[in-house]
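# Per-entry structural report
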Amino acid sequence: QVQLVESGGGLVQPGGSLRLSCAASGFTFSSYPMTWVRQAPGKGLEWVSDINSGGNSKYYADSVKGRFTISRDNAKNTLLLQMNSLKPEDTAVYYCAIGKIRFPTTRGDSWGQGIEVTVSS
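This text gives an overview of the structure that appears in the document. (Residues numbered from 1 in each chain as written. Predicted model: local features only at pLDDT ≥ 70, side-chain atom pairs only at ≥ 80, totals over all residues. Heavy atoms only, no water.)

## What to know about the side chain of Asp-90
Of note, Asp-90 is situated in the loop between β8 (78-83) and β9 (92-98). Of the residues examined, Asp-90 reaches a relative accessible area of 0% and is grouped as buried. If we ignore the near neighbours within four places in the chain, the residues touching Asp-90 are Arg-38, Arg-67, Phe-68, Ser-85, Val-117 and Val-119. (Helix = DSSP H or I, 4+ residues; strand = E, 2+ residues; numbered from the N terminus. Buried < 20%, exposed > 50% of the residue type's maximum accessible area, 1.4 Å probe, protein only. Contact = heavy atoms within 4.5 Å.)

## Structural notes on the state of the cysteines
All chains considered together, the criterion is met by one disulfide. Two residues, Cys-22 and Cys-96, share a disulfide whose sulfurs are 2.0 Å apart. Taking the sign of the torsion about the S-S bond as the criterion, the disulfide between Cys-22 and Cys-96, at about 55°, is right-handed. Of the two residues, Cys-22 sits in strand β3 (residues 18-25) while Cys-96 sits in strand β9, which places them 74 residues apart along the sequence. Both residues of the pair, Cys-22 and Cys-96, belong to the buried class. (Disulfide = S-S within 2.5 Å.)

## Observations concerning the sheet that holds strand β4 (residues 34-39)
Pairing within the open sheet is mixed, and its six strands lie in the order β2-β10-β9-β4-β5-β6. Each end of this open sheet is capped by a strand with a single partner; those strands are β2 (10-12) and β6 (58-60). Taking the axes of each pair of neighbouring strands and ignoring which way they run, one obtains an average angle of 25° across the sheet. Inspection of the sheet shows β4 paired to β9 by six bridges, in the antiparallel sense. Bridge pairing links Arg-38 to Tyr-94 in β9. (Pairing = 2+ DSSP bridges. Axes fitted to C-alpha atoms, helices over the stretch in contact; angles between N-to-C directions.)

## Things to note about the nonpolar core
If you look at the biggest cluster of nonpolar residues, it comprises 30 residues, and the most contacted ones within it are Trp-36, Leu-79, Leu-81, Met-83 and Tyr-94. Filtering out sequence-adjacent residues up to four positions away, Leu-79 remains in contact with Leu-20, Ser-21, Cys-22, Phe-29, Met-34, Thr-35, Trp-36, Ile-51, Ile-70, Ser-71, Arg-72 and Cys-96. With six residues, the next largest nonpolar core counts Val-37, Ala-97, Ile-101 and Trp-111 among its residues. (Core = buried A, V, L, I, M, F, W, Y, C linked by side-chain atoms within 4.5 Å.)

## A short note on the packing of aromatic side chains
Scanning the entire structure with this criterion turns up three aromatic pairs. Through pairs of rings, three or more aromatic residues link up here, namely Phe-27, Phe-29 and Tyr-32. Directly above the ring of Phe-29 sits Arg-72, whose terminal nitrogen or CZ lies 4.3 Å from the centroid. When the ring centre of Tyr-59 is taken as origin, the NZ or CZ atom of Arg-102, which lies over that ring, is 4.7 Å away. (Phe/Tyr/Trp six-rings, centres within 6.5 Å; stacked < 30°, edge-to-face > 60°. Lys NZ or Arg CZ within 6 Å of the ring centre and 35° of its normal.)

This is the structure in structure tokens:
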């Protein structure tokens, strides 16, 4: 059974940092690219970043480029998202998902349950 569990979210002040983790199980994690997607309150799904199976190709949305870093530890079946210089507009529910999902429309079966990130003073 495929399972993705996000952790590490919470409330942070503008300019602060958070690191999100996604623990994967039930599939061969090291064989799949992985994606982070977010949904801000009242808005649609937004692709944030993705990484290839080996971890050496990474892509970012313009809105987070230079501030967020995606990585993975295939030995630990874990996907990470280091978020620095956070802004109020980064407030959203963040999802990890299996595959490369550049244009998310609906939440899929191979997504985690999501973790809230709130950036506010």
